[in-house]
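# Structure assessment
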Amino acid sequence: MIVHNDFIKIQSEARPTFDNVTPRVKEIVAESGVKNGNVLVYSPHTTCSVVIQEYSDGQTYYGTELIQQDLVNVLNKIIPTCTNEGQYLHPCQKHIEDAARLRGEHASWSLNTDAHLRSSIIGRSETIVIENGEMDLGEFGFIHFIDFDNTRARQRTVQVMVMGE
């Protein structure tokens, strides 16, 4: 059995961002030499998700595909964007103080409870079947890395593990 690990670096913005990682995942699968097995695409970040979604022809002014913006809009209805302290139980004052003291974080960076909740609901990974060296994403599937955090731009890592024969 082959186990091949790799990663993809993503630069997010201070708004929900969607990155199509499909081409790079396909390259990693090809590099692995696995013909039959599966590939795990995973986010170690607690405010991020990985999803399989189809391509949407239209885009917002920010370049977000309309189906992705629809997802953000729906999630905003059930999990409103965190705009001020006290809106959610998290973060409490101790969390904000510890984040500043231990990690040098600005207090406003802790106002990302909505991103944590969205990631928890959507999930942080996808597993895709590999058959005859090709990922089975269906007719319209693309793998997207989502950063739901509105508080700041950051460099993110997508972990990719290919397993099989």
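Residues numbered from 1 in each chain as written. Predicted model: local features only at pLDDT ≥ 70, side-chain atom pairs only at ≥ 80, totals over all residues. Heavy atoms only, no water.

Another point: the overall build of the protein. From N to C terminus, the protein includes four helices and eight strands. In the protein, the succession of α and β elements from N to C terminus is β-β-α-β-β-α-α-α-β-β-β-β. Summarising its shape, the C-alpha atoms of the protein cover approximately 55 × 40 × 20 Å along the three principal directions. For the protein, buried positions account for 39% of its 165 residues. (Helix = DSSP H or I, 4+ residues; strand = E, 2+ residues; numbered from the N terminus. Buried < 20%, exposed > 50% of the residue type's maximum accessible area, 1.4 Å probe, protein only.)

On inspection of all chains with the given rule, the structure shows eleven salt bridges. Residue R24 is joined to E27 by a salt bridge in which the shortest nitrogen-to-oxygen separation is 3.0 Å. Of the two residues, R24 and E27 are both situated in helix α1 (residues 22–32); the distance of three residues between them amounts to about one turn of the helix. Between D98 and K94 there is a salt bridge, with its nearest N and O atoms 2.7 Å apart. Placement of both D98 and K94 in helix α3 (residues 93–103) is noted, with a separation of four residues, approximately one turn of the helix. Judged by its relative accessible area of 18%, D98 is buried. Judged by relative accessible area, K94 falls into the exposed class, the value being 53%. (Salt bridge = Lys/Arg side-chain N within 4 Å of Asp/Glu carboxyl O.)

A few words on the nonpolar core. Residues I8, V25, V39, V41, M135, I143 and V162 are the most contacted members of the largest nonpolar core, which totals 20 residues. If you list the elements that add at least two residues to this core, you get β1 (2–11), α1, β3 (37–42), β4 (48–54), β5 (125–131), β7 (141–147) and β8 (155–164). Ignoring any residue separated from it by four or fewer positions in sequence, one finds M135 in contact with T22, V25, K26, V29, V39, I128, V129, I130 and I143. (Core = buried A, V, L, I, M, F, W, Y, C linked by side-chain atoms within 4.5 Å. Contact = heavy atoms within 4.5 Å.)

Taken together, the six bridges between β3 and β5 define a ladder with antiparallel strand orientation. Of the residues in β5, the one forming a bridge with N38 is V129. Summarising the sheet, β5 and strand β6 (residues 134–135) pair through two bridges and their orientation is antiparallel. The partner of I130 across the bridge, within β6, is M135. Between the end of β5 and the start of β6, which pair antiparallel, lie two residues, with N132 showing a positive phi angle near 55 degrees. (Pairing = 2+ DSSP bridges.)

Across the sheet, which stays open at both edges, the five strands sit in the order β1-β8-β3-β5-β6 with antiparallel pairing between neighbours. The sheet terminates laterally at β1 and β6, the two strands that pair on one side only. Across six bridges, β3 lies against β8 in antiparallel orientation. By the bridge assignment for β8, N38 is matched with M163.

What follows concerns the sheet that holds β4. Spatial ordering of the open sheet is given by β2-β7-β4, a layout of three strands whose pairing is antiparallel. In the strand order of this sheet, the two ends are held by β2 (17–20) and β4, each with one partner. The average undirected angle you get between the axes of adjacent strands in this sheet is 30 degrees. Note that β4 and β7 share seven bridges and pair antiparallel. (Axes fitted to C-alpha atoms, helices over the stretch in contact; angles between N-to-C directions.)

What follows is about the environment of V158. Within the element layout of this structure, V158 appears in strand β8. Counting along the chain gives 13 residues from V158 to F145, while the straight-line C-alpha distance between them is 7.6 Å. Residue contacts for V158: discarding those within four places in its chain leaves D6, F7, I8, I10, V41, Y42 and F145.

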